[in-house]
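Listed below are the residues making up each chain.
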Amino acid sequence: MSTMIDLTARLLAYQSGRAIPIRRSSALIADPSPTFAIVPIRMVAEQVVYALAYGDPEGEPEVVLTWNPLDRDASFMEPFAATLDRYLSDCVIAGEMPRIWLAHAAALEVIALLGHRYRTNRSVGPELQRMGAQCRLLAEETTFAGQQIVAIAGSLLASHVATGQSPSEDLHLGALLAWIDPPAGTVVADAAAQAALAPAAAMLDRAADDRVEQLRARVARGRLREPSARVEAEAIIREEALREWALLVRARRAFWGLGLTQGTELTKLTAESFKRVAWQIDRNYGNPARPRSLAQRLDELTYAKELTAYADVADDPINRAAALNAGRVLDAVVFQRDQPRRGFNPCTLTLETRQNALRIRPGTQLQLRGSRVFGRITEVREVNAGQATQLTLVVTNGVRNPQLPTPGQRTEWMEPEPADLRYQKRQVYERMAASADPRVFGDTLPLSRPQPIDDDLATIARRLRR
Amino acid sequence: MTIQPYLIARQRSDDAQQEVLRRTLQEREPLVIVDSPPGAGKTYLVEAVIAVAVQHLGLRVAVVAPRAEQTYDLMRRLAVNFDPMPITALLSASRQLPDDLLLTQRILVCNDAAALPGGAGVTIATADKLLFAVTKITQSFDLLICDEAYQLTFATMAPLFELAPSVLLVGDPGQLPPLITVDTERFETARYRIHWPAPRELLRRFPQLDVVRLPASRRLPQDTVNLVQPAFYRQLPFSSATAPAEQRLQLDAATQGDTIDRALDMLTDGATLVGVLLPPAEFGREQVDDELAETMAAIAARLLSRQPRWEGVRQLSAGDIGAIDAHVASGAAVRRSLRLSNVPTDACIVETPELWQGQERPLMVVKHTLSGQRQIGEFSLESGRWCVMLSRHQIGCVIVGRDGVGDALAEHRHACGARPIGSVDDAWEGWRAHQAIWGQLEAQGRLVRIAQG
């Protein structure tokens, strides 16, 4: 969204005292059943985990925890590892999309941390290594635009509503929720500020953290009988995990409570997301390192981004209005239709628009929104002393389509769905890998192959030129 | 007798061409990289290599470029500048050659890579088209040439290498890099930087490769080179191969004596890069600055009303003036203002730098990418974009912007966070280039300011 539109939406939200929607359609497809949620709690300033709450977000969570994560005994996470593995494997075997809910980006960071720490860690058992691989897979999936597997509540809400506070204040999930569901009888900005006093960052509350630290230190010094200290520390950690769990549950409900429509293009994004995750699980979570796999990963990321951009414009009228403003969508009236034989090629449309900004040039391919009519622009010219622009569009697909527009009809054209060329490219990369050209893979260049040519090639080049 | 510097530059340019021909066609080196400044005659060089390879040595050559228009331009030049040679255009079935190329009847159009003719000749295609054809090509080539190689990623070029034992990559390292729309930070730490421009990645992997550096620009006047080379091409020293007298602007009509005329008079006095500044005002990145658009149009209109002449060459018209705006929406505002000023916009083209790459005009009017910004973003700092904008003109370029660019540059806080080892800090390079250009324009008194109101 452009800065101006974002700012205007925030001002409107501020004025009305509650968040306002900035999309009409959801960027996330409905939750599958079952759905899974993870709430990690990490130790402040350390790369270790105190607790994980997990399970169905509609039910009570399981909580695994340790009072002393610094002892590096990670076995407390094994029940979580087993449940996560069962959930993901069952989904893939059943051909159903998994859905993992996280509260915010800080939770995702902990998931990524678990991936890095345990995926190849030989000091833990295979269950935790597998958990590491799966956590890494989930973190990786979030780098793909439009992915549907990992739902990060805070990010989702922030991309669907505008609040009357700054984007950095939106990063606190509690404060963001205060704008979406303002408590009665309070000024919303005050409620948000109050909510922001409790951390929403996958860590303990300040007082809880201080107390747990105290207990840990005292146990370490032997001043307290270990069982009572442990019990108290564990109770605090559990309570904090459940507090974050409640925040996640509230955020998830708030998101679905926005009442957004489900766009038709979401199913494509879902299929893509599922394919990626299933493929990784099948191949035991490989990491791209060679030119072929790196190039494929770049193609995957690019395709995901293009497909998401297409879905955003096709499915959502607010996004479409912004795209129109930026010249990425064409709003034009059909001025003329040249189709000598109805239902047959050739078919050329002359479109006329008064749009100021146009990102359309000869060669641009367009799709009539909501139809399978496609065309290529062959000419762009100004008419009426520059007051309007006429575009010639040769219909390349859909000459028989009943939605093929007629003269006088107002039409909306957009960039077509991106072509999926990944299969062809994969073949090309396979061939590249098989050829093992040293210029691609080697550390030294092949030798030159001098030819016995004594001619002065520069003179010959001049002579050949007319 | 002292030899004029531009004559020395021409001689060195010829020597560089000779070296490319020798290393590519006689030595048959597996990889030859040619770094070229703007307007150095890259395509001229590529044409020469093709002609000698095909017509004199009977070789089978493939040529790729990033965009279809670039391949058409090369076909045009081969058809016009040389005796007939077998030229094949490898095109997708949904594309057609432009009419003028069809009319030459010199070019064989081929939609199926498996059906490419054998034997000596040149096959021309976009890099993407040849990439998808790799698995179908049955007869390899003797030489693969890539024009505008810095606009193509290693990922695109690498699969093509197996097609030929010798590869020649020609490109401009200072201009816009390949368009990649996704975050590439994770790829920066990989062993293979597949997202980098192909020549840059090859030079990282094979640092011993001896790059041929074209030493002269046949487009840019020396005055522009003095500003542009240190800002954008620190690794590529070059000078102008044109005589100062060959690139002079004459304005036949009298001056009105206002600020715009003062800037235009500077052009006629031999300053080839000058700036016209409006009073400071702040605008969002996508916000249209209508007053600035009107000023750009007013400059173009004033140039035309003063009857511009390329001294010793010809009278100039609207088609000899181009305008560049990095944003589509504000470019549209410039076009509107031009029409209101009765400057035909089908002749005086307004486009983004991406579309201006590879093109030139005698006179250019460009919008400063930092105009009206107090907080500078990475898009605006991109040095390649600014380099393209300042290197399209043959005679002179007027930069238009809001005053305060110098302050914004001075106040800019560079993000000094962690970066992968070996990655290039593009934002820093951009800031440095902008600072260098702005500093020189200011120090040399090339900026004129329009008073408030």
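Residues numbered from 1 in each chain as written. Chains lettered and ligands numbered in written order. Predicted model: local features only at pLDDT ≥ 70, side-chain atom pairs only at ≥ 80, totals over all residues.

**Student:** Which parts of the structure should I look at to understand the overall build of chain B?
**Tutor:** Per the secondary structure count, chain B includes 17 helices and 19 strands. Its C-alpha atoms give chain B principal-axis dimensions of about 70 × 55 × 55 Å. In chain B, once contacts between residues fewer than 6 apart in sequence are set aside, the share between residues at least 24 apart is 76%. (Helix = DSSP H or I, 4+ residues; strand = E, 2+ residues; numbered from the N terminus. Contact = placed C-beta atoms within 7 Å.)

**Student:** What exactly am I supposed to notice about the pairing of strand E10 (residues 329-338) of chain A here?
**Tutor:** For a regular strand, the rule is simple: side chains alternate between the two faces of the sheet. All names here are of chain A. The pairing of E10 with strand E15 (residues 410-414) spans five bridges and is classified as antiparallel. Looking at E15, one finds that Asp331 is bridged to Glu412. Pairing of E10 with strand E11 (residues 348-353) involves five bridges; the strand directions are antiparallel. The residue of E11 that forms the bridge with Gln336 is Thr350. (Pairing = 2+ DSSP bridges.)

**Student:** Just checking my understanding: could you explain the interface of chain A and chain B for this structure?
**Tutor:** How big an interface is tends to be stated in terms of accessible area lost as the parts join. In this assembly, 43 residues from chain A lie in contact with 49 residues from chain B. Broken down by secondary-structure element, the contributors of at least two residues to the side of chain A that touches chain B are helix H1 (3-16), helix H12 (291-315), helix H14 (422-435), helix H15 (438-441) and helix H16 (457-464) of chain A. The class makeup of the residues in the side of chain A that touches chain B is 22 nonpolar, twelve polar and nine charged. (Nonpolar A, V, L, I, M, F, W, Y, C, P; charged D, E, K, R; others polar.)

**Student:** When you look at the domain arrangement of chain A in this model, what are you seeing that I'm missing?
**Tutor:** Residues and elements named next belong to chain A. Here chain A is described as being made up of domain 1 (3-263), domain 2 (288-327 + 425-466) and domain 3 (329-414). Each of domain 2 and domain 3 has a C-alpha centre, and these two points are 31 Å apart. Taken together, the contact between domain 2 and domain 3 spans seven residues of the former and eight residues of the latter. Elements with a minimum of two residues in the side of domain 2 that touches domain 3: H12 and helix H13 (317-325). Among the elements that line the side of domain 2 that touches domain 3, the one with the most residues is H13, at three residues. Considering only residue class, the side of domain 2 that touches domain 3 consists of five nonpolar, one polar and one charged. (Domains from an automatic or database assignment.)

**Student:** Any chance you could explain helix H4 (residues 126-141) of chain A here in plain terms?
**Tutor:** Residues separated by three or four positions in an α-helix point in the same direction, a consequence of the helix having 3.6 residues per turn. Residues and elements named next belong to chain A. Over its 16 residues, H4 runs 22 Å from end to end, which matches the ideal 22 Å to within 8%, given 1.5 Å per residue. Three or more residues of H4 are buried, namely Leu128, Arg130, Met131, Gly132, Ala133, Gln134, Cys135, Arg136, Leu137, Leu138 and Glu140. Elements in contact with the buried residues of H4: helix H2 (78-94), strand E6 (100-102), helix H3 (105-118), strand E7 (150-152) and helix H11 (266-282). (Expected span 1.5 Å × (residues − 1). Buried ≥ 20, exposed ≤ 12 C-beta atoms within 10 Å, placed from the backbone.)

**Student:** Explanation requested: the domain arrangement of chain B in the structure shown.
**Tutor:** Residue and element names in this part refer to chain B. Splitting chain B by domain gives domain 1 (5-216) and domain 2 (222-449). Domain 1 and domain 2 are separated by 30 Å when their C-alpha centres are compared. Looking at the side of domain 1 that touches domain 2, the elements with two or more residues in it are helix H1 (5-26) and helix H7 (185-188). With five residues, the top contributor of residues to the side of domain 1 that touches domain 2 is H1.

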